[in-house]
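This is what each chain is made of:
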Amino acid sequence: MTTTSLVRAELARLTATPLARLAFIALMIVPLLYGGAYLWANRDPYAKLDQIPAAIVDLDAGATLDGDHVDYGEDVTKEAVDGGDFDWTTTDAADARSGVRNGTYDFVVTIPHDFSERLASARSDDPAQAELVLTTADTNSYLASTIAEQAGKTMRAAVTERVGKQAAKTLLVGLADVRDSLGDAVDGADQLASGTAKADRGAHELADGTSKLSSGAAELASGTADLPSQTQQLDSGAQQVASGASTLASGLASAQEQTAALPSQTQQLNAGAQQVAAGNERLADTVNSYSADVESLQPLDAQTLISGITDNLPEGVELTEEQQAALQSTVTDAVTRVNTAGASAKSTYESTKSSVDKLRDGSAQVAAGTSSLASAAPTLASGISSAATGASTLATGAAKVADGTSTLASAAPALSSGASQLATGAESADQGASSLASGLDELKTGSSKLAKSLDQGRTKIPASDASQREDQASVISDPVTVGDDNVAAASNYGAGLAPFFISLAAWIGMYALFLILKPISKRAITAVRKPLSVVLGGWLTPALLGLVQMVALFAIVRFALDLDVVHTAGTIGIMVLASMTFAAIIMALNVLLGSVGQFLGLVLMLVQLVTAGGTFPWQTLPGPLAALHFALPMTYSVDAIRQTMYGGNLGAAWSDAGVLLCWLLGALLVSYVVTARQTRSRTLRDLRPSLIG
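Below: a short report on this structure. (Residues numbered from 1 in each chain as written. Predicted model: local features only at pLDDT ≥ 70, side-chain atom pairs only at ≥ 80, totals over all residues. Heavy atoms only, no water.)

## Focus on the overall build of the chain
Part 1 of the argument: Of regular secondary structure, the chain possesses 23 helices and 6 strands.
Part 2 of the argument: Expressed as a percentage of its 693 residues, the buried residues of the chain come to 39%.
Part 3 of the argument: Taking the contacts inside the chain whose residues are at least 6 apart along the sequence as the reference set, 84% of them involve residues at least 24 apart.
Part 4 of the argument: As displayed, the chain offers around 36,800 Å² of accessible surface, 58% of which is attributable to carbon and sulfur atoms. (Helix = DSSP H or I, 4+ residues; strand = E, 2+ residues; numbered from the N terminus. Buried < 20%, exposed > 50% of the residue type's maximum accessible area, 1.4 Å probe, protein only. Contact = heavy atoms within 4.5 Å. Areas by Shrake-Rupley, 256 points an atom, 1.4 Å probe, with all protein chains shown as cover.)

Below, the structure is given as structure tokens:
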């Protein structure tokens, strides 16, 4: 018996009777029903989410924002209902809660009464987070609850984008206003800097003027510092003149009284006259010695002095009315007293000088004429009387001169003190002007820096119009979009599950066929004694049937369900290779363990159901199951079909095919070893009935 005859014989056995044919056909379509029906049911469930019943309860009372009434709850409700993502029903809280409990609604979204108020509070001093309440019941559907959570997140993102866009627009408008205001501030700062520069130049000119004023006032104070002592000396001299004149008048009065005895005393008078002449000469010399000093005293002009002071003030600096009044009063009063005293003293001095000169000349004449005095006694007596009268007048004038010099001496300290105060004030004004100039220098620098900084700050705020601000607000409120750059994309949800359920269908198809197929022919083992031919004959029958199943299942997946397949030939090849590999594995289990091996095939399918990573990523599996992920063949069939179906890495698909081929050859090798042993000898275990049947 050849391998081909073994295959024909097994197929003939499967189709020998109508009941056998019916059983054969039923088992052949098991994987088609399993894979096709499951993928049909899950082809694209997300496209029918609009049939999921959901309720929305809007309790929002609205709020006032920038003077306008806003109702974000109404906006959210309208957007959700108009969007049609779910079968929305707008209802009240009581109906919504009862509807979730009895299954009328899969989930409910409730918008609280303070929803808008809390969103608007973001601009207040007490911001509060708004809330959307999601009510679900896993008794309706756990996946519906999961989908509801995603719907809640989508609604939250939409509200966040809208509110964020409004807030961003407000912020951008505020920044635009700030930029415009900064432009005005820059202009003002430039004007301030320009004005400060002018003020700085004026302050420096003021400082120069006050410096000159201080210097002149200091010279004035220095010049008047000795005035009190000089006027004191003048007063002392005038007092001596007055005293001498008084003494002269007294002497002449006594002489007048004694003229009665003049003739007898002529000789004595002549001697006295000589002495008087000498004394008058000394007196005249003394009085004349003050002539230059008295002549140097010129009257002061108060207005000229005040004009000199004010003319020395810096340009732009004016004395206040109080300062002008104080200066006018002080200078005028001092000058008046000085001029009055000086004029009086000068007049008195001139009168006294003239009298002294006359006295000197007269005494000289008296001395010259004393020799003839005796003979001219009556005339002499008359002259003495006249001299007494003149001496009295001289004494009176000298007294007036003394009074004037005394007044001048009294006023001189006040004039000197005023000049000193003027010098001190001028020095303070100079220091103040210097401080003002220094401060204005700093103000000039600071105002220039302020203008520059304001302009730099303004340029850092980008200029924008209303359209640009609208675009900017949109980007700020939703700054990130996720681009879809899937290098190997499944066309829909069903296509995403297809590799897993195709692999399961291939295993289930082989498992079902081995319920009626004989793994190996006992007769062939006994008759032929060619273990390789027997093994290949036993494997080729389910392998060929698996080929038919996989081609039919591919037709259902590609054409009936319209799932996209990138590499058609590669996908069919992997499906057929997986089916043949699973046939070899289940056959090896049957050959090695009999019906127990058939049962282990079912157990192995269940293990691979959870370890193949067909739905969730295998990394989410518990540790022991994750380790089995790489050990079992269905992992590689699922991955290979993904690579060929979605247009992924063909190198990985070839690698997966290599692993499946290793499993195929390994399973055939096990079957060959067991079959080879049975061709040589049988054991009691080989003859023992099956535990399962």
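Moving on from the coordinates now.
## As for the packing of aromatic side chains
Part 1 of the argument: A complete count under the given rule lists 10 aromatic pairs for this structure.
Part 2 of the argument: Between Tyr34 and Phe501 the ring centres are 6.1 Å apart and the planes differ by 55 degrees, which places this aromatic pair in the tilted class. Taken together, the residues span a long stretch of sequence, with Tyr34 in helix α3 (residues 30-41) and Phe501 in helix α15 (residues 493-513) at a distance of 467 residues.
Part 3 of the argument: Judged by its relative accessible area of 5%, Phe501 falls in the buried class.
Part 4 of the argument: Here the aromatic cluster, defined as three or more aromatic residues joined through ring pairs, consists of Tyr34, Tyr38, Phe500 and Phe501. (Phe/Tyr/Trp six-rings, centres within 6.5 Å; stacked < 30°, edge-to-face > 60°.)

## Examining the sheet that holds strand β6 (residues 133-136)
In a beta sheet, neighbouring strands pair by backbone hydrogen bonds and run either parallel or antiparallel.
Part 1 of the argument: Overall, mixed pairing links the 4 strands, which are arranged β4-β1-β5-β6 in an open sheet. The open sheet has two free edges, formed respectively by β4 (87-90) and β6, since each of these has just one partner strand. Neighbour-to-neighbour, the strand axes of this sheet turn through a mean angle of 25 degrees, independent of strand direction.
Part 2 of the argument: Pairing analysis gives 4 bridges linking strand β5 (residues 107-111) to β6, with the strands arranged antiparallel. Pairing of Val108 across the sheet is with Thr135, part of β6.
Part 3 of the argument: Where helix α4 (residues 72-83) meets the sheet, it contacts β1 (53-58), β4 and β5, and its direction lies at approximately 160 degrees from that of β1. (Pairing = 2+ DSSP bridges. Axes fitted to C-alpha atoms, helices over the stretch in contact; angles between N-to-C directions.)

## Thoughts on the pattern of salt bridges
Part 1 of the argument: Evaluation of the coordinates by the stated rule reveals 5 salt bridges.
Part 2 of the argument: For the salt bridge of Arg13 with Glu10, the shortest nitrogen-to-oxygen distance reads 2.5 Å. With a gap of 3 residues between them, Arg13 and Glu10 both fall in helix α1 (residues 3-14), about one helical turn apart.
Part 3 of the argument: Residue classification places Glu10 among the buried residues on the basis of a relative accessible area of 11%.
Part 4 of the argument: Notably, a salt bridge pairs Asp333 with Arg337, separated by 1.7 Å at the nearest N-O pair. Of this pair, Asp333 and Arg337 are both found in helix α12 (residues 321-369), 4 residues apart, which corresponds to roughly one turn of the helix.
Part 5 of the argument: On the basis of relative accessibility, which here comes to 37%, the residue Asp333 falls in the partly exposed class. (Salt bridge = Lys/Arg side-chain N within 4 Å of Asp/Glu carboxyl O.)

## Description of unusual backbone geometry
Part 1 of the argument: In this structure, Asp66 is a non-glycine residue whose phi angle is positive, near 55 degrees.
Part 2 of the argument: Positive phi, normally seen in glycine, also occurs at Asp562, with a value near 60 degrees.
Part 3 of the argument: Relative to the helices and strands, Asp562 resides in the loop between α17 (531-560) and α18 (568-593).

## Some remarks on the environment of Leu547
Part 1 of the argument: Mapped onto the fold, Leu547 is located in helix α17.
Part 2 of the argument: It is 7.2 Å that separates the C-alpha atoms of Leu547 and Ser579, two residues lying 32 residues apart in sequence.

## Topic: the pairing of β1
Part 1 of the argument: Taken together, the 4 bridges between β1 and β4 define a ladder with parallel strand orientation. Paired with Pro53 across the strands is Asp87, a residue of β4.
Part 2 of the argument: Here β1 runs beside β5; their pairing, made up of 5 bridges, is parallel. Bridge pairing in β5 links Asp58 to Ile111.

## A closer look at a negative patch on the surface
Part 1 of the argument: On the surface, a cluster of negative charge is made up of Asp177, Asp180, Asp184, Asp187 and Asp190.
Part 2 of the argument: By secondary structure assignment, the location of Asp184 is in helix α7 (residues 142-224).
Part 3 of the argument: With relative accessibility at 55%, the residue Asp184 sits in the exposed group. (Patch = residues over 30% accessible without salt bridge, like charges linked within 9 Å, V, L, I, M, F, W, Y side chains within 5 Å. Lys, Arg positive; Asp, Glu negative; His and termini not counted. Charge placed at Lys NZ, Arg CZ, Asp CG, Glu CD.)

## What about a nonpolar patch on the surface?
Part 1 of the argument: Side chains of Leu592, Leu593, Val596, Phe599, Leu600, Val603 and Val670 sit close together on the surface and give an oily, nonpolar patch of about 480 Å² of accessible area.
Part 2 of the argument: Elements supplying a minimum of two residues to the nonpolar patch: α18 and α19 (595-611).
Part 3 of the argument: Tallying contributions element by element places α19 first for the nonpolar patch, with 4 residues.
Part 4 of the argument: Mapped onto the fold, Leu600 is located in helix α19.
Part 5 of the argument: Note on Leu600: relative accessible area 33%, which makes it partly exposed.

## Let's talk about the nonpolar core
As a rule of thumb, soluble globular proteins bury nonpolar side chains together.
Part 1 of the argument: Formed by 69 residues in total, the largest nonpolar core has its most connected members in Trp539, Leu553 and Met645.
Part 2 of the argument: With near-sequence residues (within four places) excluded, Met645 lies in contact with Ala495, Ala498, Pro499, Val557, Leu563, Asp564, Val565, Val566 and Thr571.
Part 3 of the argument: Core analysis: the next-biggest nonpolar cluster, separate from the first, contains 23 residues, Leu49, Ala63, Ala151 and Val163 among them. (Core = buried A, V, L, I, M, F, W, Y, C linked by side-chain atoms within 4.5 Å.)

## Things to note about the pairing of β5
Part 1 of the argument: With respect to burial, β5 is a largely interior element, 5 of its 5 residues being buried.
Part 2 of the argument: Side chains of β5 alternate between two faces, with Phe107, Val109 and Ile111 and Val108 and Thr110 buried alike.

## With respect to helix α21 (residues 633-646)
Part 1 of the argument: For α21, with 14 residues, the first-to-last C-alpha span of 20 Å sits near the 20 Å given by 1.5 Å per residue.
Part 2 of the argument: When we look at burial in α21, the residues that qualify are Pro633, Met634, Thr635, Tyr636, Ser637, Val638, Ala640, Ile641, Gln643, Thr644, Met645 and Tyr646.
Part 3 of the argument: Taken together, the buried residues of α21 touch α15, α17, α18, α19, α20 (623-629) and α22 (650-680).
Part 4 of the argument: Two residues or fewer past α21, Gly647 is found with a positive phi of approximately 80 degrees. (Expected span 1.5 Å × (residues − 1).)

## Let's talk about the packing of α15 against α17
Angle between the axes and distance between the axes: these two values describe a pair of packed helices.
Part 1 of the argument: Interhelical geometry of α15 versus α17 gives an angle of 145 degrees and a closest axis separation of 10 Å. Of the two elements, α15 crosses α17, and the hand of that crossing is right-handed. On α17, the residues touching Ile502, Ala505, Ala506, Gly509, Met510 and Leu513 of α15 are Pro542, Leu545, Gly546, Gln549, Met550, Leu553 and Val557.
Part 2 of the argument: Among the residues making up the contact of α15 with α17, the classes are represented as 10 nonpolar, 3 polar and no charged. (Left-handed = near helix turned anticlockwise from the far one by under 90°. Nonpolar A, V, L, I, M, F, W, Y, C, P; charged D, E, K, R; others polar.)

## Details of α18
Part 1 of the argument: Taking 1.5 Å per residue as the helical rise, α18 with its 26 residues ought to reach 38 Å, and the 37 Å between its terminal C-alpha atoms agrees with that figure.
Part 2 of the argument: Among the 26 residues that make up α18, 19 are buried, leaving the element largely enclosed by the rest of the structure.
Part 3 of the argument: Looking at the residues trailing α18, positive phi occurs at Gly594, about 70 degrees.

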